[in-house]
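Summary of structural features
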Amino acid sequence: MDDAYILVLLASTTGAQECLEIAAIMSRSLGQPLRLLHVQVGPGSLVLPTQEHLSEYEVEHLEEREQKETDMLADLVADWSRHSGLAAPLEVVTGDEWRALRPHRTRASLVILASPHTQPVGHRETLRAALLRAGHPVVMIPPGWHGSFGRRLLVGWQDVLPLRRAVASFGAFLSRAEEVIVIAVQQDETVLVEARKSLEALAPGAVYRVVAAEGRKTATVLLDEAHQAEVDGIVMGAYRRGEILNWLMPGTSTRLIQDSTIPLLMSP
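Note that the coordinates shown come from a computational prediction; the quantities given were computed from them, not determined experimentally.

**Considerations on the side chain of Glu97**
Along the polypeptide, Glu97 turns up in helix 3 (residues 97-101). Look at Glu97: it is buried, it has no salt bridge, and the nearest opposite charge is Arg133 at 8.7 Å. When neighbours within four sequence positions are excluded, Glu97 is seen to be in contact with Leu9, Ala11, Val39, Val41, Gly122, His123, Thr126 and Ala129.

**Overview of unusual backbone geometry**
Despite not being glycine, Glu214 has its phi angle at roughly 50°, a positive value. Of note in the backbone geometry, Glu230 takes a positive phi value of approximately 55° without being a glycine. Counting through the fold element by element, Glu230 comes out in the loop between helix 8 (218-229) and strand 9 (234-237).

**Side note on the nonpolar core**
In this structure, Met26, Leu34, Ile112, Val139, Val182 and Met266 are the most contacted members of the largest nonpolar core, which totals 85 residues. It is helix 1 (residues 16-30) that provides the largest number of residues to this core, a total of seven residues. The contacts of Leu34, once residues within four sequence positions are left out, are Ile6, Val8, Ala23, Ala24, Ser27, Trp80, Leu86 and Ala88.

**Looking at the packing of helix 8 against helix 10 (residues 252-259)**
Put simply, helix 8 and helix 10 touch, their axes get as near as 8 Å, and they point 45° apart. Judged on the interaxial angle alone, helix 10 and helix 8 are oblique. Helix-helix and strand crossings are classified by hand; for helix 8 and helix 10 the assignment is right-handed. Of the residues in helix 10, those in contact with Thr218, Ala219, Leu222 and Leu223 of helix 8 are Thr252, Arg255, Leu256 and Asp259. The class makeup of the residues in the contact of helix 8 with helix 10 is four nonpolar, two polar and two charged.

**Brief notes about helix 8**
Here helix 8 spans 17 Å end to end across twelve residues, near enough to the 16 Å set by a 1.5 Å rise per residue. Within the sequence span of helix 8, burial applies to Ala219, Val221, Leu222, Leu223, Glu225 and Ala226. Of the surrounding elements, those touching the buried residues of helix 8 are strand 6 (152-156), strand 7 (179-185), strand 8 (207-211), strand 9 and helix 10.

**Examining helix 5 (residues 161-169)**
Pro162, Leu163, Ala166 and Val167 are the residues of helix 5 that are buried. Projection of helix 5 onto a plane perpendicular to its axis shows the buried side chains occupying an angular sector of 140°, all on one side. Opposite the buried face of helix 5, at more than 90 degrees from it, the exposed residues are Leu161 and Ala168. Contacts made by the buried residues of helix 5 are with strand 6, helix 6 (171-176), helix 7 (191-199), strand 9 and strand 10 (264-267).

**A look at the packing of aromatic side chains**
Throughout the structure, instances matching the rule amount to one aromatic pair. Arranged with centres 6.1 Å apart and planes meeting at 70°, the rings of Phe149 and Phe173 form a pair that is edge-to-face. Residue Phe149 is found in the loop between strand 5 (138-141) and strand 6, and its partner Phe173 is found in helix 6; the two are separated by 24 residues along the sequence. On the basis of relative accessibility, which here comes to 5%, the residue Phe173 falls in the buried class. Taking NZ or CZ as reference, Arg133 lies 5.0 Å from the ring centre of Trp98, over its face.

Reading the values: the criteria
Residues numbered from 1 in each chain as written. Predicted model: local features only at pLDDT ≥ 70, side-chain atom pairs only at ≥ 80, totals over all residues. Heavy atoms only, no water. Helix = DSSP H or I, 4+ residues; strand = E, 2+ residues; numbered from the N terminus. Buried < 20%, exposed > 50% of the residue type's maximum accessible area, 1.4 Å probe, protein only. Lys, Arg positive; Asp, Glu negative; His and termini not counted. Salt bridge = Lys/Arg side-chain N within 4 Å of Asp/Glu carboxyl O. Contact = heavy atoms within 4.5 Å. Core = buried A, V, L, I, M, F, W, Y, C linked by side-chain atoms within 4.5 Å. Axes fitted to C-alpha atoms, helices over the stretch in contact; angles between N-to-C directions. Parallel < 35°, antiparallel > 145°, perpendicular 65-115°, else oblique. Left-handed = near helix turned anticlockwise from the far one by under 90°. Nonpolar A, V, L, I, M, F, W, Y, C, P; charged D, E, K, R; others polar. Expected span 1.5 Å × (residues − 1). Arc of directions from axis to C-beta. Phe/Tyr/Trp six-rings, centres within 6.5 Å; stacked < 30°, edge-to-face > 60°. Lys NZ or Arg CZ within 6 Å of the ring centre and 35° of its normal.

Below is the structure:
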């Protein structure tokens with residue numbers, strides 16, 4: 001992708017430092033520059049779950065809150081730039097994340113953002129905007145993540161298009177990883193044949209296993225395996241059943257996004 005860059009979507013100061021640290025690693029690994037984006041939302045741009053409502057006080061002070069958050073983010077980014085040596089100014093726009101991401105659809109190779117459930121009201125649709133509406137591959141950083149990234153990767157294997165797209169999108173990291181573990185949960189051993197065909201060129205030393213669920217949800221199995229193997233990234237396809245069905249009946253993607261304490265490398 002000519003002139004591609006990594007877009008870091010900073011919804012708030014919560015998780016911003018963690019996102020910037022991972023962004024620096026990915027920028028150096030891919031040889032791509034960083035662009036940092038923050039969106040200031042107003043009452044007219046808010047899309048809230050039905051159980052959430054802004055009080056009259058919150059509406060009145062939303063603009064003040066957003067400006068304060070922007071100022072703190074600017075200071076955090078300036079401090080990070082000085083220490084990292086990476087020049088990546090913060091772009092601030094108003095509106096909502098989905099519309100703000102539109103101009104980046106054909107240029108950004110991926111988007112880095114913090115776990116959406118950790119963000120302030122008005123900024124909890126960041127992942128949906130980037131992944132489902134704009135169609136970007138996304139690296140989601142959970143709160144408090146500090147450490148390595150991309151040295152040990154776990155692939156949650158299913159022979160579905162979103163997972164194949166994730167493998168393609170993050171192939172550079174799979175090929176550089178010191179260890180790649182491919183886990184198929186509650187599937188027949190024959191699925192590993194297709195998994196090997198898809199991954200052997202990228203990760204010839206990968207380990208392949210089928211793991212029994214034993215009454216656990218698939219997301220729980222993957223997280224248990226990831227913690228046992230001490231991986232620093234989980235490669236996964238997201239929302240293969242579609243956005244609406246996952247909203248009505250939360251599946252593996254929703255549970256991983258909500259519960260993971262390990263970075264997720266996702267593609268829709």
